[in-house]
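Listed below, chain by chain, are the residues.
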Amino acid sequence: VLSCSSHEASPLSENKEHVHGISEIIVGVLGGGQLGRMLCQAASQMAIKVMILDPSKNCSASSLSYGHMVDSFDDSATVEAFAKRCGVLTVEIEHVDVETLEKLEKQGVDCQPKASTIRIIQDKYMQKVHFSQHGIPLPEFMEISDIEGAERAGELFGYPLMIKSKRLAYDGRGNAVANSQDGLSSAVTALGGFGRGLYVEKWAPFVKELAVIVARGKDGSMVCYPVVETVHRDNICHIVKAPAEVPYKINKLATDVAQKAVGSLEGAGVFAVELFLTEDGQILLNEVAPRPHNSGHQTIEACYTSQFEQHLRAVVGLPLGDPSMRTPASIMYNILGEDDGEAGFRLAHRLIARALSVPGASVHWYDKPEMRKQRKMGHVTLVGQSMGVLERRLHCILSEQSHQVH
Ligand code: ATP
Ligand code: MG
Ligand code: MG
């Protein structure tokens, strides 16, 4: 089923006369979650047309997209049919049918970033192998396929030991920690058993988590966003502070590692590089996302070019925009479902009401049809003169008793 908000979608050639945006290319996005939604928002400013492919009729991006094909982004025939309607294909989620993307690329379909990149990234173990082969520093890791292998890994790397599922991971849902040898089998069970495809990582004793968004244009040019600090709670991104408060040397190292990591991948778009900063000043790569990312939401208000606009510029072949900050400081706070259903909505709405009365705060609500505990429902971005001021303002938003703040 293809529903179009305003125009009947048709192949680009037939559609040309209707296209009056900055670019005539229709951007096809696999996935219609909040990242797809914010891509649509950025696209509307430049009158770039974004079509999304997502199985949920009420997905976040649906109401803002030029067209929504309601179907699976993990099904070959569907992705092929979708590709025919678009001038360039991109993703807002990496768990897509990569074989079909590879096939389409051979037929001349423009996929950005390249299918090879999606293939490497969607398997976290393959990703680790790739980056280690390219000399990127990362926590030691090894594949495990039985309990003896897991025990060997525990002896080698020590405990706590991070066990990860190779595929389909997000928001920590493919991670389990074993605190001792006794905890190995329950951690493996929690992840769905060895059959799911598991590997282990040595625990990274980080003092901070950092992230860098790197954008690459179609002409190969690259720009890096300022290094940010990400704070996770229960493995889920919770708060992002930009810029990260780290010494110049660390800032430079993080940017260099991120740029080198992205340099080893093919294609245009934005890439988010998640990093660990260790006590002894090392930067280790955690993972890369080949798309806009939670660690870049604050770029909408805090940077001259948001990560979403940047991604669109990159994949349609426009010049890249200025990634630098236009405010001294910003904090992004994720609104996670605190409860299922109505109770969760009530809590979120109270938080939003408080945020709306805080200067420099912008509220984003993703309009997801269902409220679930721990689900990303929206976010608030605070911009202002200093991190200290913003921390106090965030505290006001988070405390039930808060009133007007200035
Ligand atoms: P995302 O939503 O970012 O895709 P994910 O499910 O892919 O998350 P990871 O990024 O692998 O999960 O891990 C989530 C968090 O768990 C990290 O941000 C970090 O806080 C913690 N973590 C991951 N790997 C390690 C490690 N080797 N040592 C210590 N902590 C880790
Ligand atoms: Mg991940
Ligand atoms: Mg991650």
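Further up the page is the structure itself.
Residues numbered from 1 in each chain as written. Chains lettered and ligands numbered in written order. Predicted model: local features only at pLDDT ≥ 70, side-chain atom pairs only at ≥ 80, totals over all residues. Heavy atoms only, no water.

## Regarding the coordination of the magnesium ion (ligand 3)
Distances from the magnesium ion (ligand 3) to its protein donors, E274 (OE), E274 (OE) and E287 (OE), fall within 2.0 to 2.7 Å. Between the magnesium ion (ligand 3) and the magnesium ion (ligand 2), a spacing of 3.7 Å is present, and a bridge between the two is formed by E287. Taken together, the residues E274 in strand β14 (residues 269-278) and E287 in strand β15 (residues 283-289) connect sequence positions 13 residues apart. (Donors = N, O, S within 2.8 Å, 3.2 Å for Na, K, Ca; no water. Helix = DSSP H or I, 4+ residues; strand = E, 2+ residues; numbered from the N terminus.)

## Some thoughts on the site of ligand 1
Neighbouring residues of ligand 1: 21 residues in total, closest K164, D171, G172, E209 and N235. Between E201 and ligand 1, the recorded distance is 3.0 Å, taken from a side-chain N or O atom to a nitrogen atom. In isolation ligand 1 has 620 Å² of accessible area, and contact with the protein removes 94% of it. Split by residue class, the shell around ligand 1 holds 7 nonpolar, 5 polar and 9 charged. (Near = heavy atom within 4 Å. Polar contact = N/O pair within 3.5 Å; in protein donor to acceptor, adjacent residues only side chain to side chain. Areas by Shrake-Rupley, 256 points an atom, 1.4 Å probe, with all protein chains shown as cover. Nonpolar A, V, L, I, M, F, W, Y, C, P; charged D, E, K, R; others polar.)

## Structural notes on the side chain of S306
Structurally, the position occupied by S306 is in the loop between α10 (299-302) and α11 (307-316). Given the relative accessible area of 10%, S306 is considered buried. (Buried < 20%, exposed > 50% of the residue type's maximum accessible area, 1.4 Å probe, protein only.)

## Things to note about the packing of aromatic side chains
Remark: the centre distance and the inter-plane angle together describe each pair of aromatic rings, the angle taken between the planes. Summed over the entire model, instances satisfying the criterion amount to 4 aromatic pairs. Both rings, one in Y125 and one in Y199, keep their centres 5.9 Å apart while their planes meet at 55°; by these two values the pair is tilted. Note that Y125 is positioned in helix α6 (residues 124-133) and Y199 in strand β9 (residues 198-202), a separation of 74 residues in sequence. Both residues of the pair, Y125 and Y199, belong to the buried class. With 6.3 Å between their ring centres and 55° between their planes, F345 and W365 make a pair best called tilted. With a gap of 20 residues between them, F345 in helix α12 (residues 341-356) and W365 in strand β17 (residues 361-365) connect regions that are remote in the sequence. We classify W365 as partly exposed; its relative accessible area is 23%. Ring pairing ties together the aromatic residues Y125, F141 and Y199, which thus form one cluster. Sitting over the ring of Y66, K49 keeps its end group 5.6 Å from the ring centre. (Phe/Tyr/Trp six-rings, centres within 6.5 Å; stacked < 30°, edge-to-face > 60°. Lys NZ or Arg CZ within 6 Å of the ring centre and 35° of its normal.)

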